[in-house]
Amino acid sequence: MEFAGYDLDDGIYDEMLQPNGEPREHSRLLYETLCRLSSDEINSIQERVTRSFSNEGISFTVYGDAEANERIIPVDCLPRILPATEWKHLEIGLTQRLAALNRFLDDVYGEARIIDDGVIPADVVRGCPQYRSEMCGVTVPHGTWVAICGTDIVRTNEGFLVLEDNLRVPSGVSYMIANRKVVKTSLRRLYRSSRVRGVEHYGRLLRKTLRELSPSGRNDPCIALLTPGVYNSAFYEHMFLAREIGAELVEGRDLLVNGGFVYMRTTTGLRRVDVVYRRVDDDFLDPLVFREDSLLGVPGLIHAYKLGNVAVVNAPGTGIADDKSVYAYVPDMIRYYLGEEPILGNVQTHLCRRPEDLEYTLDNLENLVVKRVGESGGYGMLVGPHSTPEEREAYARQVRANPADFISQPVLPLSRAACLIEGRPEPRHVDLRPFVLHGTETRLVPGAFCRVALRRGSLVVNSSQGGGGKDLWILQD
Amino acid sequence: MLSRSAQGLYWMGRYLERAQHLCRLLQLQVEALVDRPVREIHLGWSRIYSALNRQPPFGGIQFDRRDNYTLADSYTLAGDLTFERSNPDSVWNCFAQGRENARQMRHCISAEMWICLNLAYLRIQKLNIEDIWKTSPENFYAETVEEIHTFSGVAATTMYRDEGWHFMQLGHCIERAQFSVALFLSQIATARLYQESPDGDCTALLRLYHAFDAYDRKHSVEIRPDRVLDLLATDPLLPNSLCRSLDSAATELAAIAQGPSASSSAAANRLAGRVQALIRYEWPDRKDRETIFRQIGEHCRDLHNQIMSAYIDYGVEDAPLH
């Protein structure tokens, strides 16, 4: 495979090659291996990887597309590599960030000192649709509101930046493990020589974390993974994780609350559930407390939770901390709660609720990425440079109508990694989503779901918008 | 085990068994198109549709001695029974339903079982009746049966023998028993309608149940419809006999722990025993095969309902708390 003609751009960090075309030190072995492989060989590796995903049915669902109930997630066979030092930096930064976010949640649903002290405006918090007043005064075990966090991280020439904290029901970890399983066997010699750290123990760590959060006095807690059902975009992942952690995969209709305890319907009767690892949004968790038309949730679940008879992970109400407006204040939270400077920076964010930020956003739409604060998955977003004047005009009308619903950020020159496109290596923009666990302590597997914008020039890495995945190798020290 | 998981595995077993049984029937039927008399081909289609309790497309099967007509009609009928999406009993739908249940219960079965089933699904998904009719349609049915056999073999060697296993096996057994009863009743009805049951027809039944050798051992080469039915219904050594399916259903049910209501679980076990007794102890003394088959069929339906109410859809008010 030849890298002649591989497009390097001074303004964009390439994960494998330096600006002079030489491989980065940690990617040298990969680069040299790829150079030795013939076109046929690398194509057959890619074919094997793709076929393996298809055979195993590693899929996701695209909403609004009846034909895509089981779409196979595209996967690129060329791994992205991070050296141990870079991972260490990310690990410390993510641990710090999650500690601050958990403290923030404990505070805003408790004394709300951060608001009283003027660090974050009350309306940003309490006006946020994800703020759950029902959670005020609730004490969570070990102060752990967020036990599972999937943080989106991008890299520019200036270094790593946090793009988004996903604190509700982050998904993608199953693809991280699936990517690893197939890529390491397809590039077996390279994998062995590269001394890559494993990710396959994620399930054990997750199980340990969930057990730590179970109500006290339960020796062998029963864990149930609550899924919205087979039509959810991440159903494959729900099934995968249920198996990994030895949990029952339940839907709302399988659970009921009796005498303040949660039970699931089994073939021998009703079995008490100690931990609900929920993959259902807050809105649908309990029709008695949140949306009363929800058929996905469990009536009385929040009551049982408040009594301390069941753990709900992540805790209801965590969405307030990954709201796109609140995101802008995370560096301040770190300083406020931990007395430390943030290790991982944020992307510069303009909150359209502020008049000056609104004006700036509307004046510079063609250069900005504008997002709805309540959306995720790449939906409801305008990528200025890739939009038409008509699209910008229509979007501007929506922003003017409800400025508080929008934020804007500069278009970042996301780093690129080599991908196999029609048999040739071509650079594509990437990000990474590591998964951080926190029960009584913080745990990370050295890896992440590396998302790729497979369309040439595209910056949107979401799988629902034409993105795919690739394996991320974290090297040993 | 979660009731819904048990239900999913039970239905997975049922649908795959149904797909397999139908494939075997269709395999023999399309093989018959090559050299069997038109009348026998016609009887074969009638028997299949009658067993499925389904009307053939265009309202009925017209008997016609012209081979061309029969071949063209067979294409339509095979298409209806194999790939027709609107036919809930088509091979495609049964297989897709079996696989869908497996997809939803992937965490309860082995990874190898899932891959085995999914690979078969991916193959079948690409095909239609035109594709398989171009060469040897019987190959398609044979391959599908082989894939389901492989799945069963993989399950036998990789699946944990928990309740999920027993519910899956229970689904297999009850479906096989019910399908057999429907087929035997349809055989009797067809023979009565045409006042005969051609030798070839009985031969096809023996082949369907892989029972040729067993028949040869027990009887002479002369093939008699009553002996054929007797063998297929009551021989405990024949892997797919009705008697064996019912024995297996009772065994699998007994292996499942008592449900939330002791009386409800006991009722299910009693029903399984009663239907076993019918074939073991009543059969020899009863000449009216049709009535006894009907009774067995009704008991199988009751057994299915009783299993559902004992383990799956039970009322939670009096259910024990664990």
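Note: the structure precedes this text.
Summary of the structure given here. (Residues numbered from 1 in each chain as written. Chains lettered and ligands numbered in written order. Predicted model: local features only at pLDDT ≥ 70, side-chain atom pairs only at ≥ 80, totals over all residues. Heavy atoms only, no water.)

Attention now goes to the nonpolar core. Where a protein is soluble and globular, its nonpolar side chains tend to be buried together. Residues W45, L232, F293 and I296 of chain B are the most contacted members of the largest nonpolar core, which totals 84 residues. The leading source of residues in this core is helix α1 (residues 3–35) of chain B, at 12 residues. Contacts of I296 of chain B, omitting those with residues within four sequence positions, involve V181, L242, L246, V275, L278 and I279 of chain B. Among the nonpolar cores identified, the runner-up in size contains 82 residues, and V276, L285, I320 and I334 of chain A belong to it. (Core = buried A, V, L, I, M, F, W, Y, C linked by side-chain atoms within 4.5 Å. Buried < 20%, exposed > 50% of the residue type's maximum accessible area, 1.4 Å probe, protein only. Helix = DSSP H or I, 4+ residues; strand = E, 2+ residues; numbered from the N terminus. Contact = heavy atoms within 4.5 Å.)

Moving on to the packing of aromatic side chains. Taken as a whole, this structure holds 21 aromatic pairs over all chains when the rule is applied. A centroid spacing of 5.5 Å and a plane angle of 50 degrees characterise the contact between Y175 of chain A and F449 of chain A, whose relative ring orientation is tilted. Pair noted here: Y175 of chain A is in helix α6 (residues 173–186) and F449 of chain A is in strand β22 (residues 449–453), with a separation of 274 residues, a long-range link. Judged on exposure class, the residue Y175 of chain A and its partner F449 of chain A are both buried. Note on F167 of chain B and Y311 of chain B: the rings are 5.6 Å apart at their centroids and 80 degrees apart in plane angle, and the pair reads as edge-to-face. Note that F167 of chain B is positioned in helix α8 (residues 163–193) and Y311 of chain B in helix α14 (residues 289–312), a separation of 144 residues in sequence. These aromatic residues form a ring-pair network of at least three members: Y175, Y236, F240 and F449 of chain A. In this structure, R85 of chain B packs its charged tip against the face of W92 of chain B, placed 4.0 Å from the ring centre. (Phe/Tyr/Trp six-rings, centres within 6.5 Å; stacked < 30°, edge-to-face > 60°. Lys NZ or Arg CZ within 6 Å of the ring centre and 35° of its normal.)

Residue and element names in this part refer to chain A. Among the 10 residues that make up strand β19 (residues 424–433), 9 are buried, leaving the element largely enclosed by the rest of the structure. Here 6 bridges tie strand β18 (residues 416–421) to β19, and the two strands are oriented antiparallel to one another. Bridging across to β19, I421 finds its partner in R424. Linkage of β18 to β19, two consecutive antiparallel strands, is achieved through a turn of 2 residues, within which E422 is found at a positive phi near 50 degrees. By the bridge criterion, 4 bridges tie β19 to β22 in an arrangement that is antiparallel. (Pairing = 2+ DSSP bridges.)

Residue and element names in this part refer to chain A. Enumeration over the complete set of coordinates arrives at 54 salt bridges over all chains. Between E47 and R51 there is a salt bridge; the shortest N-O distance is 3.4 Å. Here E47 pairs with R51, and both are found in helix α2 (residues 39–56), just 4 residues apart, close to one helical turn. The exposure class of R51 is partly exposed, given its relative accessible area of 44%. The network of salt bridges with shared partners includes E15, R80, E86 and R155. (Salt bridge = Lys/Arg side-chain N within 4 Å of Asp/Glu carboxyl O.)

Purely geometric numbers; function is a separate question.
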